[in-house]
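# Geometric and topological summary
Residue strings, one per chain:
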Amino acid sequence: MKDGGRLAAAIEVIEDIENRRRPVQEALKDWGTSHRFAGSGDRTVIGNLVFDVLRKRSSLAWRMGSESARDLVLGVYALEWGNDVAAVERALADDRHAPDLLSDKEKAAIAANSLEGAPDWVRADIPEWLWPSFSDNFDDEAVAEGAALSERAPIDLRVNTLKATREKVLKRLGSLGAEPTLIASTGVRLKPRPGAARMPHVQAEEGYRKGWFELQDEASQIAALLVFAQAGEQVLDFCAGGGGKTLALAAAMENRGQIYAYDSDKLRLAPIHERIARAGARNIQVRQPSEGALDDLVGRMDRVLVDAPCTGTGVWRRRPDAKWRLTEPALEDRIAEQEQALGIASAFVKPGGFLIYATCSVLAEENEEQVYRFTEANEDFEIVSVGEVWQDTFGFDKPHPWSADMKTITMTPASTGTDGFFVAVMTKNA
Ligand SMILES: C[S@@+](CC[C@H](N)C(=O)[O-])C[C@H]1O[C@@H](n2cnc3c(N)ncnc32)[C@H](O)[C@@H]1O
């Protein structure tokens, strides 16, 4: 396919997503199934166009003066991928499958590429209804924070120190442009590539199959390190899901002590067994959800991690369609689930032990407000400073996360160069 046909395909997929409220991956997959002639290079370009539209939907609409799927896609191709009016015209004229040639209004919009007069939520590419909460959280930096959440994300890997060293993984993936991450000592990063470029498929690498590394954003790696789990301790990963944090904890604990991996959803927990085997982790006990599954752990854990279900606002770079699908009732549902999970999980902390609450959201309602409400209602728990653990673990010279209270922390693409992630540590009075 030529670019003209790829632009037409991306427009079709965006229309499908918007008209039928379809998840982006499903819409792309369906398009691929019904257009088998398209090669993998074509699919990459179409996917990149679609994802970039979703990342910057509102600022593109403002600059193009239109919200149509056509103008959003042409906006990405021109304004984000650096094609001027003449280059766009060539792509459209060059291919009989291409969309119609540019109108005068479109040509003027591309030439101007202007956000003049745009409100802050448009500049930040944040849904308008969420702006009061988002901007309250980030003050003068809110537009920059929103804009950073609208960029492409890197691929981050966590080196599994049970099987490999960072040097070894860096060497193996050197040809892909792998670099060490700035904060987590376990992290390796493949920077996002621009425009039509494809990102490498790291799961096809030998090192992945051998368990030398896992795919995990640096923020999640940092969150797992901030749990500060020590070799020999008893740790409950209460919202273990597919086990991303569980495996990071096992490596941090050097395979010693015991991690109990639990999730209320059996299906989410399912992949953990294969991942544990690949990682060579030997101190993880998976507890399937059932009546009384954790009864023997009550009041016994040194540390309990609640990696709570959340709106995922911190990972909008990777799941940009979720940004525009999020609703106020959905946010309220997540808040209620978090409150419930925190309440149940707290029972397993032993006196003097730690309760760590984390989300991949950057909204205060799901973060600070949640832990303040919890500690007010549960006076035996007290918030301790993650900042101190941060400095002990990473030193003073690394990029700093946000902290509204100098105790809890919020990582963001703009501040730490990671996904958005919140961590609070509480201790249970002895
Ligand atoms: C953010 S995901 C966990 C991701 C996982 N920790 C990782 O690193 O891959 C949140 C998980 O919490 C689980 N969950 C939600 N409510 C729960 C509850 N009350 N008890 C236990 N797990 C719960 C969900 O099923 C979901 O898998």
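Model, not experiment: these values are computed from the prediction. (Residues numbered from 1 in each chain as written. Predicted model: local features only at pLDDT ≥ 70, side-chain atom pairs only at ≥ 80, totals over all residues.)

This next bit is on the site of the ligand. Lining the immediate surroundings of the ligand are 19 residues, of which Cys-239, Gly-241, Gly-244, Asp-265 and Asp-307 lie closest. For the shell around the ligand, the secondary-structure elements that each account for two or more residues are helix 14 (244-252) and helix 18 (328-346). Among the elements that make up the shell around the ligand, the one with the highest residue count is helix 18 (four residues). The residue makeup of the shell around the ligand, split by class, is six nonpolar, seven polar and six charged. (Near = placed C-beta within 6 Å. Helix = DSSP H or I, 4+ residues; strand = E, 2+ residues; numbered from the N terminus. Nonpolar A, V, L, I, M, F, W, Y, C, P; charged D, E, K, R; others polar.)

UniProt marks Asp-263 and Asp-307 with the feature "binding site: S-adenosyl-L-methionine" (unreviewed entry), using the numbering shown here. These annotated residues cover 45 residues of sequence, and their C-alpha atoms lie no more than 10.3 Å from one another, placing them together at a single site. Secondary-structure assignment places Asp-263 in the loop between strand 6 (258-262) and helix 15 (266-269). When the 24 C-beta atoms within 10 Å are taken as the criterion, Asp-263 is described as buried. The residue Asp-307 is located in strand 8 (residues 301-307) in this model. Beyond its immediate sequence surroundings of up to four residues, Asp-307 is in contact with Cys-239, Lys-245 and Ala-358. (UniProt positions renumbered as here; feature names shortened; annotations may be inferred. Buried ≥ 20, exposed ≤ 12 C-beta atoms within 10 Å, placed from the backbone. Contact = placed C-beta atoms within 7 Å.)

Residues of helix 16 (residues 272-279) that are buried include every one of Ile-272, Ile-276 and Ala-279, and no others. Buried residues along helix 16 cover an arc of 70° about the axis, so they all sit on one side. Pointing more than 90 degrees away from the buried face of helix 16 are the exposed residues Glu-274 and Ala-277. On its buried side, helix 16 packs onto helix 14, strand 6, helix 15 and strand 7 (284-287). A positive backbone phi angle near 70° is found at Gly-280, which sits one or two residues after helix 16. (Arc of directions from axis to C-beta.)

It is worth spelling out the nonpolar core at this point. Counting 66 residues, the largest nonpolar core has Leu-249, Val-304, Val-306, Ile-356 and Val-423 as its most contacted members. The contact partners of Leu-249, leaving out residues within four places of it in the chain, are Ala-224, Val-227, Ala-229, Val-235, Asp-237 and Ile-259. Within the second largest apolar cluster, 31 residues are counted, among which are Leu-7, Ala-27, Leu-60 and Ile-110. (Core = buried A, V, L, I, M, F, W, Y, C linked by C-beta atoms within 7 Å.)

You can read the domains of the protein as domain 1 (3-114), domain 2 (155-215) and domain 3 (219-428). Between domain 1 and domain 2, the C-alpha centre-to-centre distance is 30 Å. (Domains from an automatic or database assignment.)

Now for the UniProt feature "active site" (unreviewed entry) in the protein. Per the UniProt record, "active site" (unreviewed entry) is annotated on Cys-360. Its location among the elements puts Cys-360 in the loop between strand 9 (349-359) and helix 19 (368-377). Owing to 25 C-beta atoms within 10 Å, Cys-360 belongs among the buried residues under this scheme. Apart from residues lying up to four places away in sequence, Cys-360 is in contact with Cys-310, Gly-312, Gly-314, Val-315, Asp-419, Gly-420 and Phe-421.

For helix 4 (residues 57-64), the tally of buried residues reaches seven of eight residues, placing the bulk of the element in the interior. Turning to helix 4, its buried residues number three or more, namely Arg-57, Ser-58, Ser-59, Leu-60, Trp-62, Arg-63 and Met-64. The secondary structure elements touched by the buried residues of helix 4 are helix 3 (40-55), helix 5 (69-80), helix 7 (104-112), helix 8 (120-124) and helix 17 (320-325). Gly-65, located one to two residues past helix 4, shows a positive phi value of around 70°.

This brings us to the sheet that holds strand 3 (residues 187-190). What holds strands together in a sheet is hydrogen bonding between their backbones, with the strands either parallel or antiparallel. Strand order in the open sheet formed by four strands is 2-3-1-4, with antiparallel pairing between adjacent strands. Either end of the sheet is taken by a strand with one partner, and the two such strands are strand 2 (179-180) and strand 4 (213-215). Across two bridges, the pairing between strand 2 and strand 3 is antiparallel. Within strand 3, the residue paired with Glu-179 across the bridge is Arg-189. (Pairing = 2+ DSSP bridges.)

Looking now at the environment of Ala-10. Here Ala-10 lies in helix 1 (residues 3-20). Note: C-alpha distance between Ala-10 and Phe-51 (41 residues apart in sequence) is 9.6 Å.

Looking now at the packing of helix 1 against helix 5. Between helix 1 and helix 5, whose axes approach to 9 Å, the crossing angle comes to 130°. Taken together, the axis directions place helix 1 and helix 5 in an arrangement best described as oblique. In the packing of helix 1 onto helix 5, the handedness of the crossing is right-handed. Only Ala-69, Arg-70, Leu-72, Val-73, Leu-74 and Tyr-77 of helix 5 make contact with helix 1, whose side of the interface consists of Leu-7, Ala-10, Ile-11, Ile-14, Glu-15 and Glu-18. Split into classes, the residues belonging to the contact of helix 1 with helix 5 amount to nine nonpolar, no polar and three charged. (Axes fitted to C-alpha atoms, helices over the stretch in contact; angles between N-to-C directions. Parallel < 35°, antiparallel > 145°, perpendicular 65-115°, else oblique. Left-handed = near helix turned anticlockwise from the far one by under 90°.)

Excluding glycine, residues mostly have negative phi values, and the peptide bonds linking residues are mostly trans. Here the phi dihedral of Asn-113 falls at roughly 40°; this positive angle occurs in a residue that is not glycine. When you line up the elements, Asn-113 lands in the loop between helix 7 and helix 8. Positive phi, normally seen in glycine, also occurs at Phe-228, with a value near 60°. Relative to the helices and strands, Phe-228 resides in the loop between helix 13 (218-226) and strand 5 (234-237). A count of 17 C-beta atoms within 10 Å places Phe-228 in the partly exposed class.

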